[in-house]
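Listed here are the chains, written in short residue letters.
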Amino acid sequence: MDFDTAVGSLFQPEGRLDPYPAYDVLRAHAPAFPAFENQWFVTTHGLVSRLLRDPGLRVADTSDYDRFWTDWRENRGVASVVLSMLQTNPPDHSRVRRAAAATFTARRVAAMRDVITAQVIDLIEELPARSDFVGDFAYPLPIAVICALLGIPESERRWFRQRAADLTVVLEPISSEEEMKRADKAGRELEAYFTGLIADRRHTPREDLTSALVAASDDDAVLTGEELLANLVLLLVAGFETTTNLLGTGLKILLDHPEQADRLRSDPGLAAAVVEEILRYDSPVQLTSRYTTAPLDLGAGEPLAPGTMLTMLLGAANRDPARYPDPHRFDPDRPNIQPVSFGGGAHYCLGAPLARLEAQIALPLLLTRLPGLALAGAPVRRDRLVLRGYASLPITSGP
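A.B. asks: Please clarify how the sheet that holds strand β10 (residues 394-396) should be interpreted in this entry.
C.D. replies: Paired through their backbone hydrogen bonds, the strands of a sheet run either parallel or antiparallel. Spatial ordering of the open sheet is given by β4-β10-β7, a layout of 3 strands whose pairing is antiparallel. Every other strand in the sheet has two partners, leaving β4 (130-132) and β7 (374-375) as the edge strands with one partner each. Sheet topology places β7 next to β10; 2 bridges connect them, and they run antiparallel. Along β10, the bridge assignment pairs Ala-374 with Thr-396.

A.B. asks: Could you clarify how one ought to interpret the packing of helix α12 (residues 157-167) against helix α13 (residues 177-203) in this entry?
C.D. replies: For any two helices packed against each other, the geometry is given by the interaxial angle and the distance between the axes. The N-to-C vectors of α12 and α13 enclose an angle of 130 degrees; their axes lie 7 Å apart at closest approach. One element, α12, and the other, α13, form an angle in the oblique class. Judged by the twist between their axes, the crossing of α12 over α13 is left-handed. Along the contact surface, α12 presents Trp-159, Phe-160, Arg-163, Asp-166 and Leu-167, while α13 presents Glu-179, Arg-182, Ala-183, Ala-186, Gly-187, Glu-189, Leu-190, Tyr-193 and Phe-194. Here the residues of the contact of α12 with α13 sort into 8 nonpolar, 1 polar and 5 charged.

A.B. asks: Even after reading the chapter, I still don't get the pattern of salt bridges, so can you show me in this structure?
C.D. replies: Pairing between side chains of opposite charge can happen when their charged atoms approach one another. Applying the stated criterion to the full structure yields 29 salt bridges. With a closest N to O distance of 2.7 Å, Lys-185 and Glu-189 form a salt bridge. Of this pair, Lys-185 and Glu-189 both sit in helix α13, 4 residues apart, which is roughly one turn of the helix. Put simply, Asp-282 and Arg-388 hold a salt bridge, and the shortest N to O gap is 2.6 Å. Taken together, the residues span a long stretch of sequence, with Asp-282 in the loop between α17 (271-281) and β5 (287-292) and Arg-388 in the loop between β8 (380-381) and β9 (390-392) at a distance of 106 residues. Taken as a pair, Asp-282 and Arg-388 share a single burial class, namely buried. Overlapping salt bridges, with partners in common, bring together Asp-200, Arg-201, Arg-206 and Asp-208 in one network.

A.B. asks: Would you take a moment to explain the sheet that holds strand β3 (residues 57-58) for this structure?
C.D. replies: Judged by pairing direction, the sheet is mixed, and its 5 strands sit side by side in the order β1-β2-β6-β5-β3 without closing on themselves. Here the strands that pair on one side only, and so sit at the sheet edges, are β1 (32-36) and β3. In the sheet, β1 pairs with strand β2 (residues 39-42) via 4 bridges, with the strands oriented antiparallel. Bridging from a neighbouring strand, Phe-36 pairs with Gln-39 of β2.

A.B. asks: Just checking my understanding: could you explain empty space enclosed by the protein for this structure?
C.D. replies: Rolled over the atoms, a probe as big as a water molecule pinpoints where empty space is left. One pass over the structure, following the stated rule, counts 1 cavity of 30 Å³ or more. Of the pockets and cavities examined, the largest cavity occupies roughly 50 Å³. Lining of the largest cavity is provided by Arg-16, Pro-19, Tyr-23, Gln-286, Arg-384, Leu-385 and Arg-388. Along the lines of polarity and charge, the residues of the lining of the largest cavity split into 3 nonpolar, 1 polar and 3 charged.

A.B. asks: Where do I start with the packing of aromatic side chains in this structure?
C.D. replies: The geometry of an aromatic ring pair is captured by the separation of the ring centres together with the interplanar angle, meaning the angle of the planes. What the rule picks out here adds up to 15 aromatic pairs. Both rings, one in Tyr-281 and one in Phe-330, keep their centres 5.5 Å apart while their planes meet at 75 degrees; by these two values the pair is edge-to-face. Residue Tyr-281 is located in helix α17, and its partner Phe-330 is located in the loop between α18 (314-318) and α19 (352-369); the two are separated by 49 residues in the primary sequence. Grouping residues by exposure puts Tyr-281 and Phe-330 together as buried. Connected via pairs of aromatic rings, a cluster forms that spans Phe-3, Phe-11, Phe-33, Phe-36 and Phe-41. Over the aromatic face of Tyr-324 sits the side chain of Arg-280, whose NZ or CZ is 5.2 Å from the ring centroid. Just above the ring of Tyr-281 sits the side chain of Arg-319; from NZ or CZ to the centre is 4.1 Å.

A.B. asks: Please explain the side chain of Arg-16 as it appears in this structure.
C.D. replies: Along the chain, the position of Arg-16 falls in helix α2 (residues 13-17). Residue Arg-16 is classed as buried on the basis of its relative accessible area of 10%. Contacts of Arg-16, omitting those with residues within four sequence positions, involve Ser-9, Leu-10, Phe-11, Ile-174, Asp-383, Arg-384, Leu-385 and Arg-388.

A.B. asks: Got a minute to help me understand the packing of α13 against helix α15 (residues 225-256) in this structure?
C.D. replies: In contact at an axis separation of 10 Å, α13 and α15 are set at 110 degrees when each is read in the N-to-C sense. For the element pair α13 / α15, the angle class is roughly perpendicular. Once α13 is placed against α15, the crossing between them reads as right-handed. Of the residues in α15, those touching α13 at Leu-190, Glu-191, Phe-194, Thr-195, Ile-198 and Arg-202 are Leu-228, Leu-229, Leu-232, Val-233 and Leu-236. Broken down by class, the residue content of the contact of α13 with α15 amounts to 8 nonpolar, 1 polar and 2 charged.

A.B. asks: Honestly, the layout of surface pockets in this entry has me stumped. Any pointers?
C.D. replies: One number sums up the size of the second largest pocket: a volume of about 400 Å³. Together, 13 residues line the second largest pocket, and Gln-119, Leu-123, Pro-140, Ala-144 and Arg-158 are the ones closest to its centre. Of all the secondary-structure elements, those providing two or more residues to the lining of the second largest pocket are α9 (113-126), α10 (133-138), α11 (140-150) and α12. Here the lining of the second largest pocket takes 4 residues from α9, the largest share from any one element.

Conventions adopted
- Residues numbered from 1 in each chain as written.
- Predicted model: local features only at pLDDT ≥ 70, side-chain atom pairs only at ≥ 80, totals over all residues.
- Heavy atoms only, no water.
- Pairing = 2+ DSSP bridges.
- Helix = DSSP H or I, 4+ residues; strand = E, 2+ residues; numbered from the N terminus.
- Axes fitted to C-alpha atoms, helices over the stretch in contact; angles between N-to-C directions.
- Parallel < 35°, antiparallel > 145°, perpendicular 65-115°, else oblique.
- Left-handed = near helix turned anticlockwise from the far one by under 90°.
- Contact = heavy atoms within 4.5 Å.
- Nonpolar A, V, L, I, M, F, W, Y, C, P; charged D, E, K, R; others polar.
- Salt bridge = Lys/Arg side-chain N within 4 Å of Asp/Glu carboxyl O.
- Buried < 20%, exposed > 50% of the residue type's maximum accessible area, 1.4 Å probe, protein only.
- 1 Å grid on protein atoms, 1.4 Å probe; cavity = no way out; pocket = protein on both sides within 12 Å on 5 of 7 lines; lining within 4 Å.
- Points joined across faces, edges and corners; volume = space filled by probe spheres on them.
- Phe/Tyr/Trp six-rings, centres within 6.5 Å; stacked < 30°, edge-to-face > 60°.
- Lys NZ or Arg CZ within 6 Å of the ring centre and 35° of its normal.

Taken by themselves, the reported measurements are silent on function.
As structure tokens, this is what we get:
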């Protein structure tokens, strides 16, 4: 595969099924290179890690969207993401992130362990002998967990699943008109739901994340009403999509590596290392972008001009042989695994500890309670450039 073919393959369905051969070509070409007008790709672990933490870079925010998509607010799926902390820069990002971090605490996440364990056991017991792991487990678990965290009644969680799935397309650079219509509809319905939930928690606070965020918005206007609404939608959507992909990908990798599955089955204490290697080996998020705010020297000649878009190929960075020898081998015993799958710096994923915890609990329990677990058909990948995962993963739990 030559360089031009490798770049083009990332924008073709066939190339997205397995982007890693293309990543190898691009990484060998250069740590960073111009790909399109005013856009560079970044491929190596060292450079991606450094740039994710560079305070001189920023994300695309409302001012950028106002320039290239004047009516973006009319699509409420897009608006819910752009108005959230995901697409906000300092000082607003710092203010909103502090408020969210103060409520989405390590203590609150750790307190979810028993809830997650109970949900995992219930879902395992409900699995038919032959099932679709994505639909029957990898979707319901994170939806149940994030809804429990937000204080959403169990009876309403199934309603959230399709709406959250429909909205995630706005995170992709490639989408169809029909997908964007569904995202708009999902955004409007989620905004209406959370508007009601906010009003209820303002009147009757509870011990949940929604109540904590409402209190933050009421105290000295730390969060505006618009920010509160957008970030509740973000927590729901981001809180389930990446975890669904992590669970599906993780199980498929373990079934492809039975010796590692046997090790985890006999020693659940290995779960943390296994999950980190899953994140490195096949990241649920494949790329993220930043913009320069000042001339930036990447060692490629002339400094990059302010306003240059840097697309960081997280999947390529995670398989950089300069950082991870024999990178295409799945090996949880690697020393010092530090995948860039959840980003870094000010925009490091707030829900990363929760996603890790869900996978660390779920994967060992699946293997120990279902010792005959095996693939029961050909998996189907979702055709996505940013969010990598399976649309279906047929399994059998054994005789």
